[in-house]
Each structure stands twice: as structure tokens, then as C-alpha cells.
Amino acid sequence: MSTLHAFDPFAPDSPSHTGGSADGASLVQGDYGYAVLDFDLATKVLRDTRFINAALTLMEQFGITDGPVHDFRAKSLIMAEGPRHMRLRTPLARFMGPTTVEDIRAVLRGILEDIDPGKDAAGPVDFHAAVDQKIPARVYCHLAGAPAEDAPVVASLSARTLALLQRDPSLTESILKAYDELFDYLGDLIARKRQAGLGDDMLSFLIRQEAEGKLTSEELLSEATAMLEASSVNTAHQTGLVVWTLLRDRAAWARLVEDQSLIPAAVVEACRLYPRPGIVSKIASVDIELDGTVIPAGSDVHVAVWSANRDPERFAQPNAFDLDRERNQPLTFSTGLHGCLGQSLAKVEMEEVVRYLLNHYPHARVVENGTDIGHAGGRWLVGSLAVDLNPSTTATTS
Ligand code: HEM
């Protein structure tokens, strides 16, 4: 292990380090704690349940040390381990299986036709605001059996609660307020659903589980909250990153126009290069020996997903976008027992957005002026994504 003073694991486009081990070290230490840099060690840490999710510690560092929000997080799916984790994950996983997720493709096509970002466009549109930010919340509403009109509220609640991961303590008050609103929204939605009669959606299923004594009422709210907060904001940003990557690589885009069977590979490859969660942070729950170093209990261990995803030992020519990459399994959705539960769904959402563009706007191009993409706190962020959907028409009419 070494200490690299100039190394910032929260800067996923560092000119000094592009991926994999640094100066031969897979594990480095700095003010931030430990950072895990290469693919093999990152995989090992993410699969080791002695490294627990850092979200509760992050809240405590922000001064949220008791009260309902702290209580929710302490007992939530992501903090649970062993049989309790399985008990909480299983009812949700039922709605994330391949068949259910495949069925959502048709729903997505309907949503995209409804949104149609090009309908009033006389020039470039902000694709992030017009599409990326709308789709995941609409899908959550479909999954939870909530009215589609609730989607803007869902999108906003997901973004404002998970702002926690921006590691900015000035946001504490706004995060607490967002969780309060989220609990109220879901409490009200659950009451409305009970009154209107339950259906075959995910929230109805969880409500039935509570009625059958398989979940407590606190767990019902916790499960619904975990899915809502996780469902929207990451998918929205990752969709923007995928579209941005694919539209700028004209050779890859031309191949996709010719052959749509390449869409899933294209989405995974873009997620590898630009992972929304550039860092997945964990806490060592006990002393853990890692790569010859003993990590003391309580230490922050940041898995630098962006670095692991560009590890030259694992991915040949790691900085190149390669549609034909074999064994392409980046860590963008993490791995192990806490690996992202919604990853199949998120991939289908992104695939359908790309398919929609290929079918309706095959000549679409990113316009640099009006596009704002960067990163903060180790997370890639899309501020705006200007896309000219019909460049030839725009050129003729302008
Ligand atoms: C592109 C979009 C997404 C990305 C990049 C992403 C990434 C992640 C990551 C990195 C984790 C943490 C894993 C860990 O702590 O090791 C996670 C957990 C989780 N994600 Fe996602 N996610 C996305 C979309 C979704 C969606 C759409 C849903 C649900 C509809 C979802 C539900 C969850 C849940 C429930 C967990 C906690 C799993 C557990 O602790 O057992 N995610 N996700």
C-alpha cells in the first residue's frame, strides 16, 4: 500500500491516474481513508460483507444521529446483513427478475412515444431534462402502481434524498426535509392504494406482505422508500451519460443504426467508461486484512469503481469505447450480495432510450454548447445534455 498525496479518488478524470493500480498499489491511503483502485481488489471488497454500506456513517457525519431519518437508514435494506437482508431483498427482487423487467420494455416504449422530445423542437433540446429525468420516475410509478402524474414528485424526492451522496454537509436540512416529504408521500400512497383496492404491482404486494405479518408496517415503508430513492436519480444521470457517450462516438453510433442487437453491449460499455457512481463507499465493520494491510474497524474504504472499470489488467485498452469487448462486466452496479437490485431494470430503461433515438432520430448529435457534464464527490453528474435531434432539418431551416 502507498500514500499518494496528489491522488484524489473522488476525481474520476484525474490526469495523473486513469485506472487500475497506481504505482503498483491496488490500495492507497489518504485523508479520505482508503481507496481501492484495481478491478480484482475492488470486486473482493464489494463481495466481502464485512465491509458495510457507508450511508449511515455519512448521515451521522452530517449530524443526523437520531430521529426517523436516521432510524430508517439504520434499519434499511442497504444496512441489513445476513438473513434479515435476504428477507428484505427477496420481496423486492421478485419485481426485478428478467421476465418482469422485459415486460417493462413495452411500457417504456409507450412512455417515450408520449414524451417525444422532438415534438416541439425547433433546435437542440436538453435531452436530460426532456427524457433522462422523466423516464425512471415514470417507471417507478408503473412498478409501484402510482399515478403517472406523481412522476415529477418521485423524481424530485429521489434526487433530493440521495443528494446525501454528494457529501456536502450544507445539504443536511434539505435532505432531512426531503425524507420527511418522501415518508409522507409514500404513507399517503399506501393509504390511497388500500382504499382503492390492491393490484398486482410491487407496492400492493408489499402491502399484502404486511397484512400477512411478513413485514412490519415500518418495514413496508422502509422497502418502498429504498426503492423510490434508488430508482430514479442514478438512472437519470446514467442514461444521460450513456446517450452522451454513444452520440459522440459516430463510428459506434453508425454500427448501432445498422444493428440494434448491439444496443445492450453499447449501454454496458458506456456505463463502464462513465459510471454514475464513480465511488462506492464502505466502512470496515471489523479489522480486515486487505492486500497485506490491516484496515482498522471503522475505516472509510472507497471502492473507486471508475478506476476499477478502467483497469488495464482487466480491460484491454481501457480508455477506448469498444463495442466488441468480451467479458465486459464493469462494477458500475457494484457486485456481491448488496449489488444493485435494479440493474436489469436500469439497463432496459437505457436500452429503450437508445433504441428510441435510433428509430426516431438516427442523425441526432450532441451540441457541446448547452451540454454540462462533470463530476462531484466521485459521482458523474449530467447538468444538461443538448442534443440536436434532427440536425439536417435544423440546418436547412436555420
Ligand atoms: C443506472 C442506474 C443505477 C446505478 C448506476 C445503480 C447503482 C447502484 C449501486 C452502486 C448500488 C450500491 C451497491 C453496494 O452498496 O455495493 C446500488 C444499490 C441498490 N440499487 Fe441501484 N443503481 C441504479 C438503478 C437502480 C434502480 C432502477 C433501482 C430500483 C428500481 C435500484 C435499486 C437499488 C437497491 C434497492 C439497492 C440496494 C441493494 C441492497 O443493498 O441489497 N437501483 N445501486
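Residues numbered from 1 in each chain as written. Predicted model: local features only at pLDDT ≥ 70, side-chain atom pairs only at ≥ 80, totals over all residues. Heavy atoms only, no water.

Participant: I'd like a rundown of the coordination of the iron atom of the ligand, residues and numbers included.
Facilitator: For the iron atom of the ligand, the protein contributes exactly one donor atom, C340 (SG), at 2.3 Å. Among the secondary structure elements, C340 is positioned in the loop between α15 (305-308) and α16 (343-360). (Donors = N, O, S within 2.8 Å, 3.2 Å for Na, K, Ca; no water. Helix = DSSP H or I, 4+ residues; strand = E, 2+ residues; numbered from the N terminus.)

Participant: Residues and numbers for helix α14 (residues 263-273), please.
Facilitator: The element α14 is extensively covered by neighbouring structure, given that nine of its 11 residues are classed as buried. All of the buried residues along α14 are I263, A266, V267, V268, E269, A270, C271, R272 and L273. Where the residues of α14 are buried, they touch α12 (233-248), α13 (250-258) and α16. (Buried < 20%, exposed > 50% of the residue type's maximum accessible area, 1.4 Å probe, protein only. Contact = heavy atoms within 4.5 Å.)

Participant: Talk me through the sheet that holds strand β13 (residues 386-388); I want residue IDs and the actual numbers.
Facilitator: Strand-to-strand pairing in sheets goes through backbone hydrogen bonds, with the strands running parallel or antiparallel. Spatially, three strands are ordered β5-β13-β10 in an open sheet, and the strand pairing comes out antiparallel. Two strands close off the open sheet at either side, each with one partner strand: β5 (125-126) and β10 (365-366). (Pairing = 2+ DSSP bridges.)

Participant: A description of the environment of R167 should follow, citing residues and the corresponding values.
Facilitator: Among the secondary structure elements, R167 is positioned in the loop between α8 (151-161) and α9 (172-196). Taking the C-alpha atoms as reference points, R167 and R255, 88 residues apart in sequence, are found 40 Å from one another. Contacts of R167, omitting those with residues within four sequence positions, involve F10, L58, F62, S281, H302 and G377.

Participant: Report on the site of the ligand, specifying residues and quantitative values.
Facilitator: Around the ligand, the surrounding shell holds 25 residues, and the nearest of these are H85, R89, S334, H338 and C340. Between the ligand and H85, the relevant distance is 2.7 Å, taken from an oxygen atom to a side-chain nitrogen or oxygen of the residue. In this structure, an oxygen atom belonging to the ligand sits 2.8 Å away from a side-chain N or O atom of R89. Considering only residue class, the shell around the ligand consists of 13 nonpolar, 10 polar and two charged. (Near = heavy atom within 4 Å. Polar contact = N/O pair within 3.5 Å; in protein donor to acceptor, adjacent residues only side chain to side chain. Nonpolar A, V, L, I, M, F, W, Y, C, P; charged D, E, K, R; others polar.)

Participant: Break down the pairing of strand β3 (residues 33-36) for me, with residues and values.
Facilitator: When strand β2 (residues 27-30) meets β3, the two strands line up antiparallel, connected through four bridges. Paired with V28 across the strands is A35, a residue of β3. In textbook terms, the turn of a hairpin is the stretch between consecutive antiparallel strands, and for β2 and β3 this stretch comprises two residues. Pairing of β3 with strand β9 (residues 300-304) involves three bridges; the strand directions are parallel. Paired with A35 across the strands is H302, a residue of β9.

Participant: Explain the packing of aromatic side chains to me, and be specific about the residues and the numbers.
Facilitator: One pass over the full model with this rule turns up eight aromatic pairs. Residues F39 and F315 carry aromatic rings whose centres are separated by 5.5 Å and whose planes lie at 85° to one another, so their mutual orientation is edge-to-face. Here F39 is found in helix α1 (residues 39-46), whereas its partner F315 is found in the loop between α15 and α16, with 276 residues between them in sequence. Taken together, a centroid distance of 6.0 Å and an interplanar angle of 40° make the contact between Y179 and F183 tilted. Of this pair, Y179 and F183 are both found in helix α9, four residues apart, which corresponds to roughly one turn of the helix. Of the two residues, Y179 and F183, both sit in the buried class. (Phe/Tyr/Trp six-rings, centres within 6.5 Å; stacked < 30°, edge-to-face > 60°.)

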